[in-house]
Amino acid sequence: MEHIRNFSIIAHIDHGKSTLADRIIQECGSVSEREMTTQMMDTMDIEQERGITIKAQSVRLDYVKDGKHYVLNLIDTPGHVDFSYEVSKSLASSDGALLIVDAAQGVEAQTIANVYLALDNDLELLPVINKIDLPAAEPERVAEEIESTIGIDATDALMVSAKSGMGIRELLDAIVDRIPPPSGHPDATTKAIIYDSWFDPYLGALALVRVFDGAIRKGQQVMLMSNKEQHQVLDLMYPHPLKRQKTPAIKSGEIGIVVLGLKEVSVVNVGDTITDAKNPATESVGEYEPAKPFVFAGIYPIDTDRFEELRDALDKLKLNDSSLSYEPETSVALGFGFRVGFLGMLHMEVIKERLEREFNLDLIATAPSVVYHVYLNDGSMVEVQNPSQLPDGTKIDRIEEPYVRATVITPTEYLGNIMNLLVSKRGIQEKMDYMNEERVLLEYALPMNEIVVDFYDTLKSISKGYASFDYEPTRFREGDLVKLDLKIAGDVVDALSVIVPRTSSLSRGRALVKNMKEIVPRQLFEVAIQASLGNKVIARETVKSMGKNVTAKCYGGDITRKRKLLEKQKAGKKRMKSIGKVQLPQEAFMSVLKMD
Amino acid sequence: MLLYLHIPFCDSKCHYCSFNSYVEKFHLKEHYMQSVHQQLLKDLERFHVTHGAIESLFIGGGTPSTVPPKLYEPFFKTLRPYLSTTAECTAEANPNSATSSWLAGMQQLGINRVSFGVQSFNNAKLKRLGRSHSRDDAIRAVTNAAALGIAHISLDLIYATAFDTPSLLQADLKQTFALPIDHVSAYALSIEAGTVFANRPEVAKEHLTQTRQLFSAIEQHGFKQYEISNFGISPSQHNLSYWRHLPYLGIGAGAVGCVNNIRYYPHRNIEAYIQSPCFNTRETLHDSEIKSERIFLGLRSIVGVSRHLLGAAEFQRAQLLVDAKKLTFHDNVFYNTDYLLSDEIALFIED
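Bear in mind the structure is a predicted one, so any value in this text is a computation, not a measurement.

S.K.: Help me understand the overall build of chain B, please; the structure alone is not making it clear to me.
M.R.: For chain B, the helix and strand inventory stands at twelve helices and 15 strands. Over its C-alpha trace chain B gives a radius of gyration of 20 Å, about what one expects of a compact globule, namely 20 Å for 351 residues. Seen through its C-alpha atoms, chain B measures out along the principal axes to roughly 60 × 50 × 40 Å. Counting all 351 residues of chain B, 57% fall into the buried class. Considering only intrachain contacts with a sequence separation of at least 6, the fraction spanning at least 24 residues in chain B is 69%. When the accessible surface of chain B is split by element, carbon and sulfur atoms take 52% of a total near 14500 Å².

S.K.: Help me understand the pattern of salt bridges, please; the structure alone is not making it clear to me.
M.R.: Once their charged atoms are close, side chains differing in charge can pair, the charge on each being opposite to the other. Applying the stated criterion across every chain, the model contains 46 salt bridges over all chains. Here Arg317 of chain B and Asp351 of chain B are joined by a salt bridge, their closest N and O atoms 2.7 Å apart. Pair noted here: Arg317 of chain B is in helix α11 (residues 312–323) and Asp351 of chain B is in the segment after α12 (342–349), with a separation of 34 residues, a long-range link. The network of salt bridges with common partners includes Arg563 and Glu567 of chain A together with Arg263, Glu283, Glu289 and Glu293 of chain B.

S.K.: Honestly, the packing of aromatic side chains in this entry has me stumped. Any pointers?
M.R.: How two aromatic rings sit relative to each other is set out by the distance from centre to centre and by the angle between their planes. Scanning the entire structure with this criterion turns up 24 aromatic pairs over all chains. Relative to Trp243 of chain B, the ring of Tyr226 of chain B lies with its centre 6.1 Å away and its plane at 50 degrees, an arrangement referred to as tilted. Taken together, the residues span a long stretch of sequence, with Tyr226 of chain B in strand β7 (residues 224–227) and Trp243 of chain B in helix α8 (residues 237–243) at a distance of 17 residues. Note on accessibility: Tyr226 of chain B and Trp243 of chain B belong to one class, buried. Between Tyr242 of chain B and Tyr248 of chain B the ring centres are 5.0 Å apart and the planes differ by 90 degrees, which places this aromatic pair in the edge-to-face class. Here Tyr248 of chain B falls in the buried class, since its relative accessible area comes to 2%. Put simply, the rings of Tyr555 of chain A together with Tyr226, Tyr242, Trp243 and Tyr248 of chain B touch in pairs and so form one group of aromatic residues. Here the guanidinium or amino end of Arg60 of chain A rests over the ring plane of Tyr238 of chain A, the centre of that ring lying 3.5 Å away. The ring of Phe26 of chain B carries the charged tip of Lys29 of chain B above its face, separated from the ring centre by 3.7 Å.

S.K.: Is there a simple way to think about the packing of α11 of chain B against α12 of chain B in this case?
M.R.: A pair of packed helices is captured by two measures, namely the crossing angle of their axes and the spacing between those axes. All names here are of chain B. Where α11 contacts α12, the two axes come as close as 8 Å, and the packing angle between them is 135 degrees. Of the possible angle classes, the one that applies to α11 and α12 is oblique. Residues Glu314, Arg317, Ala318, Leu320 and Leu321 of α11 touch α12, and the partners they reach there are Ile345, Phe348 and Ile349. Taken together, the residues that form the contact of α11 with α12 break down as six nonpolar, no polar and two charged.

S.K.: In this structure, what is going on with the sheet that holds strand β8 (residues 204–213) of chain A? I would like to understand it.
M.R.: Think of a sheet as strands paired side by side through backbone hydrogen bonds, with each pair either parallel or antiparallel. With antiparallel pairing, the eight strands of this open sheet are ordered in space as β11-β10-β16-β7-β8-β15-β12-β13 (chain A). In this open sheet, the two edge strands, each paired with only one partner strand, are β11 (230–232) and β13 (245–246) of chain A.

S.K.: Can you walk me through the packing of helix α1 (residues 29–46) of chain B against helix α2 (residues 69–79) of chain B in this structure?
M.R.: All names here are of chain B. The geometry of α1 relative to α2 is characterised by a closest axis approach of 8 Å and an angle of 10 degrees between their N-to-C directions. Classified by the angle their axes make, α1 and α2 are roughly parallel. For the pair α1 and α2, the contacting residues are Lys29, Glu30, Met33, Val36, His37, Leu40, Leu41 and Leu44 in the first and Leu71, Tyr72, Pro74, Phe75, Thr78 and Leu79 in the second.

S.K.: Which parts of the structure should I look at to understand the interface of chain A and chain B?
M.R.: Interface size is commonly expressed as the accessible area that is lost once the parts come together. Each partner contributes to the interface: chain A provides 26 residues, whereas chain B provides 40 residues. When chain A packs against chain B, the two sides together hide about 3100 Å² of surface, and 60% of this comes from carbon and sulfur. Among the residues chain A hides against chain B, the three largest losses belong to Leu524, Tyr555 and Arg563 of chain A. Together they make up 22% of the total. Where chain A meets chain B, there are eight salt bridges. A salt bridge links Arg563 of chain A to Glu293 of chain B; its shortest N-O distance comes to 2.5 Å. For the pair chain A and chain B, the interface holds 21 residue pairs in polar contact (both at pLDDT 80 or more). Residue composition of the side of chain A that touches chain B, grouped by class: nine nonpolar, seven polar and ten charged.

S.K.: I would appreciate a short explanation of the nonpolar core in the present structure.
M.R.: Most often, soluble globular proteins keep nonpolar side chains buried together rather than apart. With 72 residues, the main nonpolar core has Leu3, Tyr32, Ile59, Tyr72 and Phe116 of chain B as its most contacted residues. Other than its neighbours up to four places away in sequence, Leu3 of chain B contacts Leu40, Ile54, Ser56, Leu57, Phe58, Phe75, Leu79, His238, Leu249 and Ile251 of chain B. Ranked by size, the runner-up nonpolar core spans 38 residues in total, among them Ala552 of chain A together with Tyr4, Tyr248 and Ile295 of chain B.

S.K.: Sorry, what's going on with the pairing of strand β30 (residues 527–533) of chain A here?
M.R.: Looking along a regular strand, one sees side chains alternate from face to face of the sheet. Residue and element names in this part refer to chain A. Across the seven residues that make up β30, a large majority, six, are buried. Bridge count between strand β27 (residues 481–488) and β30: four bridges; the pairing is antiparallel. Paired with Ile488 across the two strands is Ile529, which belongs to β30. In this structure, the hairpin formed by β30 and strand β31 (residues 536–543) is closed by a connection of two residues, where Gly534 is found at a positive phi of approximately 60 degrees.

S.K.: Would you take a moment to explain the environment of Glu138 of chain A for this structure?
M.R.: All names here are of chain A. With respect to the secondary-structure elements, Glu138 resides in the loop between β5 (124–130) and α5 (139–150). When its relative accessible area of 38% is taken as the criterion, Glu138 is described as partly exposed. Considered as a pair, Glu138 and Gln105 are 33 residues apart in the sequence and their alpha carbons are 8.7 Å apart.

S.K.: What is the right way to look at the side chain of Asp213 of chain A in this model?
M.R.: All names here are of chain A. Here Asp213 shows up in strand β8. Buried charge without a partner: Asp213 forms no salt bridge, and the closest opposite charge is Lys191, 4.5 Å away. Not counting residues within four places of it along the chain, the set of residues in contact with Asp213 comprises Gly184, His185, Ala188, Thr189, Thr190, Lys191 and Ser252.

How each quantity is defined
- Residues numbered from 1 in each chain as written.
- Chains lettered and ligands numbered in written order.
- Predicted model: local features only at pLDDT ≥ 70, side-chain atom pairs only at ≥ 80, totals over all residues.
- Heavy atoms only, no water.
- Helix = DSSP H or I, 4+ residues; strand = E, 2+ residues; numbered from the N terminus.
- Rg over C-alpha atoms; globule rule 2.2 N^0.38 Å.
- Buried < 20%, exposed > 50% of the residue type's maximum accessible area, 1.4 Å probe, protein only.
- Contact = heavy atoms within 4.5 Å.
- Areas by Shrake-Rupley, 256 points an atom, 1.4 Å probe, with all protein chains shown as cover.
- Salt bridge = Lys/Arg side-chain N within 4 Å of Asp/Glu carboxyl O.
- Phe/Tyr/Trp six-rings, centres within 6.5 Å; stacked < 30°, edge-to-face > 60°.
- Lys NZ or Arg CZ within 6 Å of the ring centre and 35° of its normal.
- Axes fitted to C-alpha atoms, helices over the stretch in contact; angles between N-to-C directions.
- Parallel < 35°, antiparallel > 145°, perpendicular 65-115°, else oblique.
- Nonpolar A, V, L, I, M, F, W, Y, C, P; charged D, E, K, R; others polar.
- Pairing = 2+ DSSP bridges.
- Buried area = accessible area lost by both parts, 1.4 Å probe.
- Polar contact = N/O pair within 3.5 Å; in protein donor to acceptor, adjacent residues only side chain to side chain.
- Core = buried A, V, L, I, M, F, W, Y, C linked by side-chain atoms within 4.5 Å.
- Lys, Arg positive; Asp, Glu negative; His and termini not counted.

Rendered as structure tokens:
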């Protein structure tokens, strides 16, 4: 065990985590030059396109220092707040972490959030200042920032350029020297944590585990501690992005892939503990909580006949993503669809995109909603995930909504704008620290509802991209909230209802109808767009009827061309949703909250 | 059955025109007219056209009046027995090349309807459209045709241009109806790729109120609007037949024909056409395409859309439009009440 090092990499987006991982893999000679594709660790199309890591990947590497052989287990972590639960389990499986900070950007909000998680897990943190070859690099200033804001010693911070490979050898040596070897009892009964799981079309559900005590052996009967289910270990492998290596056992201190031959990934959940079935451990590794969705949205096929296809597609995605939850729901406006729970906004976008791209579905997603705790006059509480289901106002005693602790780091010049934004989003300041003369760290309690749409984009635009943001859910607080309905051509479109603070309902209603007017194209009929609270209309706009859609000439030689033109226009309309005699484009359903 | 003959020669190219025409190929006229004769013979044969079956002939262009009547003679000689006794035989003509003798020669061959490309009676507007004739040329040409006793005279007008003013359009209409005509085609200027105006899209400018005023002013003279761009004391049978989706022969370079639900396209290039006038590429129309065509053609004209053409959901949507007064419905046919919305209504109704 003293020759094993288990470490994670934590960083803010774009600070170079994936590039550094690639370089480490290459330096250990584990992947030849020829096999090296950039961003080895990001395997999904969407990950590579967006330059983000969604699923954690791991790799077991061999490294020689001073004539001794070491096993370095690189445990990659998802790079987005939506997946912080998975991040925390990856960190729990590590004994140390590289804290990557961009030499030009400095410490960012996500860096801080991740550091808190690492410190919670008692990890040895190795500060690594990356991109030191950039012209704008200020490694000394960044080192100071790490010391002042994070409170860890950065005098021995490693200076690297993942892009050029500068400092990578020194970094690997430091991993060996400074990260402690794993601890654990090789002779005790099996105890391992699942820190990632996914579905492999050939092998079924796979669990990526870190073994703490004992070992997992091929053929062993194991048990999952969350539900006491027993399974046999069919195979074991060490992880590698290209060539997994089979092994008869994964021993104390090691990481590895466990093949249980299961058809669904939902049985091997991140955070669960694997133990021996005959001689189970008494305590699990840390506390297991099933992944909990924070954001809900309705997802509907534009073509109502494709509901079953949507169900199949969701079922297939669920095989690979146990955090995805969904239930059928019906909307008067949109027909049959699903209310889908997501870990956060990115998760929602990724799922919608995968459904459309991999399953070729045209979908409408309604505006995302958080979960409200609605206390009724009779003392009971209902959880409302869909604004149109909010009970009648006369029955409601009070509504509580979820809050987050938002961390924002910004250059001081944008501080005024950002504080205005946070106040307009009903934020309550909890902390304001000057990190140095140029940058400020803010912590606010914010209703989660205020950040589910547009907040991040607005923050980025008012700070010219310089402010960074992260959040973690905290608790529920009472809010004076009302349901704002939207009527199109006289009928309430249930999929467009939103829950808003009473005090801003009038301005939201006005903004909503105005925004909707821009989105709804002119049609054969005049279309009234109204916002209402209950039966009371508080704002109205009208989309005038169309004046003309015809071409001047259509004789014998023009008919085919004309038909093809109309077919094209028709294909465009097919992507719209007919509600009564009005056709609404897809953006209409998402745009409900975008109105600043 | 109808017959369309395309004459791809012009004295000059108008700024808005994307039709197949050449200004520098006059030396090919004789060859070309021999080739169209050849194609005519071939098409009559391959479609088993019977005597008297052709209800209308339309000679369009290009500019048919750039070709002297003598060169049309063999074509007419062959065609004559196939024309019905009541056939409408139209030739398009340009006010400067349609001389009295050309008109007389064509009348002798059997032309009983002439459609003049007048566009406007305002010399400044004509110039900006790239037309080579003047107001006086147009008046003279129409008067000459009437003097010869040509039964039906139509003229084309262009509106919805940036050069229009209400008084200009009024003056154009006043002059139009002072002439002995029985038909007007009024086209909103549209910008086509490959034309001079393609780089100046701002010259197309429509005010819908003005358009509606124009329509009703024309109708006040007893010229009923029977399609979005066509008005007449009596409609052109040739035009109406296209919108009824009747079969048509297409003869000449860049002409299009459609028989037995196969649309065929002879060579567009004049040299290629002269070399092999009977060659064509074909497009087979599927039932759904024919249905779609019948719907949008019926909606842009008095032809209307028969309910039997529509599926249940389509019929329901059409009825919704009757309730909203966008359509009327009698004798099992839906009729459009506002041709300006024809395409939108077609999109609304069709599955």
